[in-house]
Amino acid sequence: MTIKENCLKIKKEIPDHVRVVLAAKLKTAEEISEAISVGAEIVGENYVQEAEKMYETLGEQAKKVKWHMIGPLQKNKINKALKVFDCIETIDSVELAEAVNKRAEVIKREVPVFIEINIGSEITKSGVKPEYEIIEKLAKGISGLDYLKLEGLMTVGPRVGDPEEVRPYFRKTKEIFDKLRNTGIPNVDLKYLSMGMSNSYKIAIEEGANLVRLGTVIFGERRCDLAS
Ligand SMILES: *Cc1c(COP(=O)(O)O)cnc(C)c1O
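Report on the accompanying structure. Note that the structure is predicted; figures quoted are calculated from it, not measured. (Residues numbered from 1 in each chain as written. Predicted model: local features only at pLDDT ≥ 70, side-chain atom pairs only at ≥ 80, totals over all residues. Heavy atoms only, no water.)

Observations regarding the overall build of the protein
Right, on to step 1. A count of helices and strands for the protein gives 9 helices and 8 strands.
Right, on to step 2. Computed over its C-alpha atoms, the radius of gyration of the protein comes to 17 Å, within 12% of the 17 Å expected for a compact globule of 228 residues.
Right, on to step 3. Expressed as lengths along the three principal axes of its C-alpha atoms, the size of the protein is roughly 45 × 40 × 30 Å.
Right, on to step 4. Here the analysis covers contacts within the protein between residues at least 6 apart in sequence; of these, 65% occur between residues at least 24 apart.
Right, on to step 5. Put simply, the protein shows about 11,300 Å² of open surface, and 49% of that area lies on carbon and sulfur atoms. (Helix = DSSP H or I, 4+ residues; strand = E, 2+ residues; numbered from the N terminus. Rg over C-alpha atoms; globule rule 2.2 N^0.38 Å. Contact = heavy atoms within 4.5 Å. Areas by Shrake-Rupley, 256 points an atom, 1.4 Å probe, with all protein chains shown as cover.)

The structure is reproduced here in C-alpha cells:
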C-alpha cells in the first residue's frame, strides 16, 4: 500500500469528528508531502529541529497544514518552536507553561496548548502524573496565562503487546478530560483529546479520542524508533 492509499483507507475508517496528526518522526519531506497531498491536515513533530527542517523543505505546502509539537519541549527551544508549531501538545508543568507564555507574549501570539498526562505513571515517559488534583492545578495555572489557551489533553499511554490492555488508560484519560471540562475553568476550552497511535487508535477512538497520532499505519515501519 502507498502512503496515499493508507491515508484514504484511514480516513474512511475513522469517524468524521476524529482528526489525524501525522507522526512525522524519521520521515522524509516526500513522504509527508504525499500525505498532505491527499488531505492530511496536521503534522506532528517530536523535535523542534526536525520540525524546522521539515517546514522549510515543504515550502508552500507547510503553510497548508497545522503543526503540533508531540514530543517533550525543552525550554531553550521555545522560541524556535513557536516559529513552527501552531499547538504544543506536551505541556507538563506550570514552569514550562510560564516559559512558553513569556515567549508568546513577546511575539503577541496566542498559543493553543494541551496538557500531556503520563497516564501509566511510567518513569520513562514525560507528562503530568495522572492525579486529577495535579492536573486541575496545572490547568488553572495555564488559565491565568494571557497568551496560552488550554484546548486539550494528550497522552501516549503504556506500550503494550495487546492494544486492549491500553483501553483502561484511555478510559481514565477521558474521565479526567470530562471532569476537567465540567469544572469550567475560565479561559480554558477543552476540545481535543489526543490519544491513540497506530496499534491503538481504534480503541482510543472508542474511548473518546478525537485526535489520533499516526505514523506506522500511514508510512510503514520506522527503521528505528527514537521516541519509544
Ligand atoms: C511516534 C509517535 C506516534 C506515532 O506512533 P506510531 O506507532 O508509528 O503510529 C504518536 N505519538 C507520539 C508522541 C509519537 O512519538
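We are not done yet, so read on.
A short note on the site of the ligand
Right, on to step 1. Contacts to the ligand come from 12 residues, most closely from Lys 25, Asn 46, Ser 198, Thr 216 and Arg 222.
Right, on to step 2. In the environment of the ligand, an oxygen atom lies 2.5 Å from a nitrogen or oxygen atom belonging to the side chain of Ser 198.
Right, on to step 3. Between the ligand and Arg 213 there is a distance of 2.9 Å, counted from a nitrogen atom to a side-chain nitrogen or oxygen.
Right, on to step 4. Taking 380 Å² as the accessible area of the ligand by itself, protein coverage stands at 93%. (Near = heavy atom within 4 Å. Polar contact = N/O pair within 3.5 Å; in protein donor to acceptor, adjacent residues only side chain to side chain.)

Points about the pattern of salt bridges
Right, on to step 1. Under the defined criterion, the tally for this structure stands at 12 salt bridges.
Right, on to step 2. In this structure, Glu 41 engages Arg 19 in a salt bridge whose closest nitrogen and oxygen atoms are separated by 3.3 Å. One end of the pair, Glu 41, is in the loop between helix 2 (29-37) and strand 2 (42-45); the other, Arg 19, is in strand 1 (residues 19-23), and 22 residues separate them in sequence.
Right, on to step 3. With a relative accessible area of 30%, Arg 19 lands in the partly exposed category.
Right, on to step 4. The partner of Lys 125 in a salt bridge is Glu 122, and the shortest N-O contact between them spans 3.1 Å.
Right, on to step 5. Through salt bridges with shared partners, one network takes in Glu 164, Arg 167, Arg 171, Glu 206 and Glu 207. (Salt bridge = Lys/Arg side-chain N within 4 Å of Asp/Glu carboxyl O. Buried < 20%, exposed > 50% of the residue type's maximum accessible area, 1.4 Å probe, protein only.)

Regarding the layout of surface pockets
Right, on to step 1. Estimates place the volume of the second largest pocket at around 310 Å³.
Right, on to step 2. For the second largest pocket, the lining is made up of 17 residues, of which Lys 11, Ile 14, Val 20, Gly 39 and Glu 41 are closest to its centre.
Right, on to step 3. Elements with a minimum of two residues in the lining of the second largest pocket: helix 1 (3-13) and strand 1.
Right, on to step 4. Of the residues that constitute the lining of the second largest pocket, the class distribution is 12 nonpolar, 1 polar and 4 charged. (1 Å grid on protein atoms, 1.4 Å probe; cavity = no way out; pocket = protein on both sides within 12 Å on 5 of 7 lines; lining within 4 Å. Points joined across faces, edges and corners; volume = space filled by probe spheres on them. Nonpolar A, V, L, I, M, F, W, Y, C, P; charged D, E, K, R; others polar.)

Digging into the nonpolar core
Right, on to step 1. Ranked by size, the top nonpolar core spans 70 residues in total, and within it Ile 32, Trp 67, Leu 73, Phe 85, Ile 115 and Ile 142 carry the most contacts.
Right, on to step 2. With near-sequence residues (within four places) excluded, Ile 32 lies in contact with Leu 22, Ala 24, Lys 27, Val 43, Met 54, Leu 58 and Phe 219.
Right, on to step 3. By size, the runner-up hydrophobic cluster in this structure holds 8 residues, among which are Ala 23, Cys 87, Phe 114 and Leu 211. (Core = buried A, V, L, I, M, F, W, Y, C linked by side-chain atoms within 4.5 Å.)

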